[in-house]
Amino acid sequence: MADYQMTLSFGSSVIHIPVLPEKLTVKSPGKNETATVLELGEVSLLRRRGLRQVSWESHFPAHDAPYVSAWESRSPVDYVRDIEDWRDTRESGRLSITGTDLNINMAVAVEDFSYEERGGEVGDIYYSLTLKEWKDYSAVTVSLPSPSRAVKSAPKRSGKPAAASSKTHTVVKGDCLWAIAQKHYGDGSRYPELYQKNKATIDAKNKGTGNPKYTIYPGQKLIL
């Protein structure tokens, strides 16, 4: 369980879920339709799936404890304010779950968030959170240089891509090994390979902190 991590990042703000939930629910709705065709009767019209939803219930603890997997010395109210800000500003973010066969890493938006305090546990905040998959729906252009060939291009983005010859990656706030492996290897599930290449650096920083072994910190330079 020590390797299992759940991380929410919206812009430069990052939350490492401190208490892992007992149950994680993923809904992947289908959009298939049924039609009646002469001679055949009912047939299924297969459509693309709908947007996935991920939901869970847990709590933000006021104090560190053995069951806390990612202690960040933050007030439970700070977690609540961050999530409410993400929802109210209509900002999309990313959910990353590592250390499990699910290996979820997808763009999300806050769909539903509720929380409460309970008697006898002053300071702790219990919550339920539902995130919905988010897809970039900005327009793309299609140019036709010749009648026989279509070229599809995405909107121009600012900045420059990382040089192909780059052999290191400097960690910035919000990074995780899965995301770095996805960026540089094209496959986020290769994060254990990235960890092994930088095991000495990562383990030295995490020693004595109680943090999961895959935890990385801004400023670290990782070998790719």
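What counts as what
- Residues numbered from 1 in each chain as written.
- Predicted model: local features only at pLDDT ≥ 70, side-chain atom pairs only at ≥ 80, totals over all residues.
- Heavy atoms only, no water.
- Pairing = 2+ DSSP bridges.
- Helix = DSSP H or I, 4+ residues; strand = E, 2+ residues; numbered from the N terminus.
- Axes fitted to C-alpha atoms, helices over the stretch in contact; angles between N-to-C directions.
- Contact = heavy atoms within 4.5 Å.
- Buried < 20%, exposed > 50% of the residue type's maximum accessible area, 1.4 Å probe, protein only.
- Arc of directions from axis to C-beta.
- Core = buried A, V, L, I, M, F, W, Y, C linked by side-chain atoms within 4.5 Å.
- pLDDT = per-residue confidence, 0-100.
- Expected span 1.5 Å × (residues − 1).
- Phe/Tyr/Trp six-rings, centres within 6.5 Å; stacked < 30°, edge-to-face > 60°.
- Lys NZ or Arg CZ within 6 Å of the ring centre and 35° of its normal.

**Here's the deal with the sheet that holds strand 6 (residues 53-60)**
Across the sheet, which stays open at both edges, the 7 strands sit in the order 2-1-7-8-9-6-3 with antiparallel pairing between neighbours. Pairing within the sheet leaves two strands with one partner each, and these edge strands are strand 2 (13-16) and strand 3 (24-27). Here the strands of the sheet are splayed against their neighbours by 30° on average, with no regard to which way each runs. Pairing geometry for strand 1 (residues 5-10) and strand 7 (residues 93-98), over 5 bridges, is antiparallel. Within strand 7, the position partnered with Leu-8 by the bridge is Leu-95. Here helix 1 (residues 76-88) sits on the sheet in contact with strand 1, strand 2, strand 6, strand 8 (105-116) and strand 9 (125-133), set at roughly 120° to strand 8.

**Let's talk about helix 2 (residues 177-185)**
Restricting attention to buried positions, one finds in helix 2 the residues Leu-177, Trp-178, Ile-180, Ala-181 and Tyr-185. Each buried residue of helix 2 sits inside an arc of 165° when the element is viewed along its axis, so together they form one side. A positive backbone phi angle near 75° is found at Gly-186, which sits one or two residues after helix 2.

**Brief notes about the side chain of Ser-13**
Tracing the backbone through its elements, the reader meets Ser-13 in strand 2. Look at Ser-13 and you get buried, because its relative accessible area is 18%.

**Quick notes on the nonpolar core**
Grouped together as the largest cluster of nonpolar side chains are 25 residues, with contacts concentrated most on Leu-8, Trp-56, Ile-83, Leu-95, Val-110, Leu-129 and Leu-131. Breaking this core down by element, the ones donating at least two residues are strand 1, strand 6, helix 1, strand 7, strand 8 and strand 9. Contact partners of Leu-8, with chain neighbours within four places excluded, come to Ser-13, Val-14, Ile-15, Ile-17, Trp-86, Arg-94, Leu-95, Val-108, Leu-129 and Leu-131. Core analysis: the next-biggest nonpolar cluster, separate from the first, contains 15 residues, Ile-180, Leu-194, Tyr-214 and Leu-224 among them.

**Observations regarding the confidence of the model for the protein chain**
In the predicted model, the protein chain carries a mean pLDDT of 84, and 87% of its residues have values of at least 70. Predicted confidence in the protein chain is weakest over strand 11 (residues 149-153), with a mean pLDDT of 62, and strongest over strand 9, with 95.

**What to know about helix 1**
An α-helical segment advances 3.6 residues per turn. Residues three or four places apart therefore align on the same side. In this model, helix 1 (13 residues) spans 19 Å end to end at C-alpha, consistent with the 18 Å of a helix rising 1.5 Å per residue. Within helix 1, burial applies to Pro-76, Tyr-79, Val-80, Asp-82, Ile-83 and Trp-86. For helix 1, the angular spread of buried residues about the axis comes to 160°, placing them on one side. Turned more than 90 degrees away from the buried face of helix 1 sit Arg-81 and Asp-88, all of them exposed. Looking at the packing, one finds that the buried side of helix 1 touches strand 1, strand 2, strand 6, strand 8 and strand 9. Once helix 1 finishes, Arg-90 follows within two positions and takes phi at roughly 55°, a positive value.

**Quick word on the pairing of strand 1**
The buried fraction of strand 1 amounts to 6 of the 6 residues, a majority that puts the element mostly inside the structure. Alternating residues of strand 1 divide into Gln-5, Thr-7 and Ser-9 and Met-6, Leu-8 and Phe-10, and every residue in both groups is buried. One ladder, built from 4 bridges, connects strand 1 with strand 2; its direction is antiparallel. Bridged to Leu-8 within strand 2 is Ile-15. Joining the antiparallel neighbours strand 1 and strand 2 is a turn of 2 residues, in which Gly-11 adopts a positive phi near 65°.

**Quick word on the packing of aromatic side chains**
A complete count under the given rule lists 7 aromatic pairs for this structure. Measuring from centroid to centroid gives 5.2 Å for Phe-113 and Tyr-115, while their planes differ by 40°, and the two rings are tilted. For Phe-113, a relative accessible area of 8% corresponds to the buried category. A residue is classified by how much of its surface remains accessible, and Tyr-115, at 40% relative accessible area, is partly exposed. Centroid distance Phe-113 to Tyr-127: 6.3 Å. Interplanar angle 55°. Geometry classified as tilted. Here Phe-113 is found in strand 8, whereas its partner Tyr-127 is found in strand 9, with 14 residues between them in sequence. For the pair Phe-113 and Tyr-127, one class covers both residues: buried. Grouped by ring-pair contacts, the aromatic residues Phe-60, Tyr-79, Phe-113, Tyr-115 and Tyr-127 constitute a single cluster. Directly above the aromatic system of Tyr-126 lies the positively charged group of Arg-118, at a separation of 3.8 Å from the ring centroid. Looking at Lys-205, its charged tip hangs above the ring of Tyr-217, at a distance of 5.5 Å from the centre.

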